[in-house]
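# Summary of the model geometry
Residues per chain are reported as follows:
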Amino acid sequence: MNTDAINPRIEESWKEILHDEFESQYFLDLSRFIREEVRKYTIYPPGSQIFSTFNLTPFNRVKVVILGQDPYHGPGQAHGLCFSVPAGIPHPPSLVNIFKELEQDLGSAVPQSGDLSRWASQGVLLINAILTVRANEPTSHQNKGWEKFTDAVIRNLSEKRKNLVFLLWGNYARAKENLIDANSHFILKAAHPSPLSANRGFFGCRHFSETNKILNELGLNGIDWELQ
C-alpha cells in the first residue's frame, strides 16, 4: 500500500486540486494511522485501489457525484468505488436495490456484474466519505481524517465546477448538502438504497432518468447507465 502523503497514487488533476490536503497535518496523521492498520489488520480496499474513483474520473470530467459512507468490509468486495463490487462478486443488498430502481426507472436489465467502473469512466464520481475500512468492521476508520479529505473533494467540486448533479442517498449523504452550492449545482435527494430504507423513498426516486434529463438540458451527454 502506498500511503505517502506527499506523492499519493492519484490522478494528476486531483493531485493538483487536493495538494493542500495531502500536505496537511491531518492527512499525514491519517497516513500514519493507515500504515499502522495495515501492519495489524486486513484493510479494504487494497492500497492500489483506495483512490480508484479519482483515477477513473478526473476532476474536469466529473458530471455526477454519488456519495456513500464507507467501503464494503467483506473479502473481495471493496475496490474504491462506492456501492460497486468487482465482477464475479455477489451484489450486496444496497447494490441489488440500486439495480432494481434502475430497472424500474429505465427498463435496464439487472446486470450480472456489480462493477460500476463504466459509470465512473463516463463522469460519475462514486465516492465514499471514508475510503478505507478494517475487514469485517464497518465504519472502523470513521473519524480518522478521511471525512475531512472527502469533504474537501466535495467543496472543491462545488466551488470550481458548475452544473454537477449530486445524488444524495440517505441521511449520511444528505448531511453533506451544506458543502454544495445549490445555486451552481443540482442536488437530488432520496432515501438510502439499503433494505432498511429503500422502501421509504429510494424506490421510485427516478434519479437515473432525472440526472440524464438535467444533463441533456445542459447540452451534455447523459450517462449510459446500462452495464450489460
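Residues numbered from 1 in each chain as written. Predicted model: local features only at pLDDT ≥ 70, side-chain atom pairs only at ≥ 80, totals over all residues. Heavy atoms only, no water.

So, on to the packing of aromatic side chains. Scanning all chains against the criterion turns up 20 aromatic pairs. Taken together, a centroid distance of 4.9 Å and an interplanar angle of 90° make the contact between Trp 119 and Trp 225 edge-to-face. Of the two residues, Trp 119 sits in helix H6 (residues 117-120) while Trp 225 sits in the segment after helix H9 (207-217), which places them 106 residues apart along the sequence. By the ring-pair criterion, three or more aromatic residues cluster together here, those being Trp 14, Phe 22, Tyr 26, Phe 27, Phe 51, Phe 54, Phe 59, Trp 146 and Phe 149. Cation over ring: Arg 134 sits above Tyr 41, and NZ or CZ is 3.8 Å from the ring centre. (Phe/Tyr/Trp six-rings, centres within 6.5 Å; stacked < 30°, edge-to-face > 60°. Helix = DSSP H or I, 4+ residues; strand = E, 2+ residues; numbered from the N terminus. Lys NZ or Arg CZ within 6 Å of the ring centre and 35° of its normal.)

Moving on, we come to H9. In an α-helix, one turn spans 3.6 residues, which is why side chains three or four residues apart end up on the same side. Taken as a whole, H9 has its buried residues at His 207, Phe 208, Thr 211, Asn 212, Ile 214 and Leu 215. All buried residues of H9 lie within an arc of 160° about the axis, which places them on one face of the element. Those residues of H9 that are buried are in contact with strand S2 (64-68), helix H5 (93-106), H6, strand S5 (165-169) and strand S6 (186-190). In the stretch just after H9, Gly 219 is the one whose phi turns positive, near 80°. (Buried < 20%, exposed > 50% of the residue type's maximum accessible area, 1.4 Å probe, protein only. Arc of directions from axis to C-beta. Contact = heavy atoms within 4.5 Å.)

Applying the stated criterion across every chain, the model contains eleven salt bridges. Two residues, Lys 176 and Asp 151, come together in a salt bridge whose shortest N-O distance is 2.8 Å. With Lys 176 in the loop between helix H8 (171-174) and S6 and Asp 151 in helix H7 (residues 146-160), this residue pair connects regions lying 25 residues apart in the sequence. Of the two residues, Lys 176 and Asp 151, neither departs from the other in class, the shared state being buried. Taking the shortest distance from any N to any O, the salt bridge between Lys 189 and Glu 177 comes out at 3.2 Å. (Salt bridge = Lys/Arg side-chain N within 4 Å of Asp/Glu carboxyl O.)

Within strand S3 (residues 124-128), five of the five residues are buried, which leaves the element mostly enclosed by the surrounding structure. The sheet contact formed by S2 and S3 spans five bridges and is parallel. Considered in S3, the bridge of Leu 67 is made with Ile 127. (Pairing = 2+ DSSP bridges.)

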